[in-house]
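Survey of secondary and tertiary structure
Listed below, chain by chain, are the residues.
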Amino acid sequence: LNSYFSCFKCQRKVQTSPDSSIVKCSNCNIHQKMKACKQKWIAHVLFSFGHENIVLTLFDNIFQLLIKDRKLSAQVTESQMTKILLTLPNVKVTYDAKKKIVKSISIN
């Protein structure tokens, strides 16, 4: 599980620095305040399908669904997000078989 901050204009990952409250997006070259950037999540999760195991990638859109389902604020900590992932009941997952990216997730 990792979190990162994204550019408010192009939504790409920006490099942050603890020394500065201003960041520059390397994709669109926009300078912006760090607090204007949105925190996003990504995780590589091992799923079991019967006797088969597969590692799939979850991006921020899936985390937003999980947060919304639990009626949590948008500002969750890494430990809260980890707990959400590790305490999920059986879920139904739709994913891109080539890219191994989760497209949707729902609780059975």
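Structure first, text after, so check above.
Figured I'd write up the structure that's included with this text.

Here is what the cut-offs are and how they apply
- Residues numbered from 1 in each chain as written.
- Predicted model: local features only at pLDDT ≥ 70, side-chain atom pairs only at ≥ 80, totals over all residues.
- Heavy atoms only, no water.
- Helix = DSSP H or I, 4+ residues; strand = E, 2+ residues; numbered from the N terminus.
- Buried < 20%, exposed > 50% of the residue type's maximum accessible area, 1.4 Å probe, protein only.
- Lys, Arg positive; Asp, Glu negative; His and termini not counted.
- Salt bridge = Lys/Arg side-chain N within 4 Å of Asp/Glu carboxyl O.
- Polar contact = N/O pair within 3.5 Å; in protein donor to acceptor, adjacent residues only side chain to side chain.
- Contact = heavy atoms within 4.5 Å.
- Core = buried A, V, L, I, M, F, W, Y, C linked by side-chain atoms within 4.5 Å.

1. A closer look at the side chain of Lys40
In this structure, Lys40 sits in strand S5 (residues 38-49). Buried charged residue Lys40 carries no salt bridge. Nearest counter-charge: Asp60, at 5.1 Å. At a separation of 3.2 Å, a polar atom in the side chain of Lys40 contacts the side chain of Gln11. Not counting residues within four places of it along the chain, the set of residues in contact with Lys40 comprises Asn2, Ser3, Tyr4, Ser6, Gln11 and Asp60.

2. Thoughts on the environment of Phe5
Position of Phe5 relative to the elements: it lies in strand S1 (residues 2-6). Measuring from C-alpha to C-alpha, the distance between Phe5 and Gln15 comes to 7.7 Å, with ten residues separating the pair along the chain. If we ignore the near neighbours within four places in the chain, the residues touching Phe5 are Arg12, Lys13, Val14, Thr16, Met34, Cys37, Lys38 and Gln39.

3. A look at the environment of Ser79
Tracing the chain through its elements places Ser79 in helix H2 (residues 78-86). Spatially, the C-alpha atoms of Ser79 and Leu1 are 9.8 Å apart, while their sequence positions differ by 78 residues. For Ser79, the side chain forms a polar contact with the side chain of Thr77, separated by 3.2 Å.

4. Quick look at the nonpolar core
The biggest cluster of nonpolar side chains holds 19 residues, and the ones touching the most others in it are Phe47, Leu58, Phe63, Leu66, Met81, Leu85 and Val102. Among the secondary structure elements, those contributing two or more residues to this core are S5, strand S6 (52-58), helix H1 (60-69), H2 and strand S8 (101-107). Setting aside residues no more than four positions away along its own chain, Met81 makes contact with Leu1, Trp41, Phe63, Ile67 and Val76. Val14, Val23, Met34 and Cys37 belong to the second largest nonpolar core, which has six residues in total.

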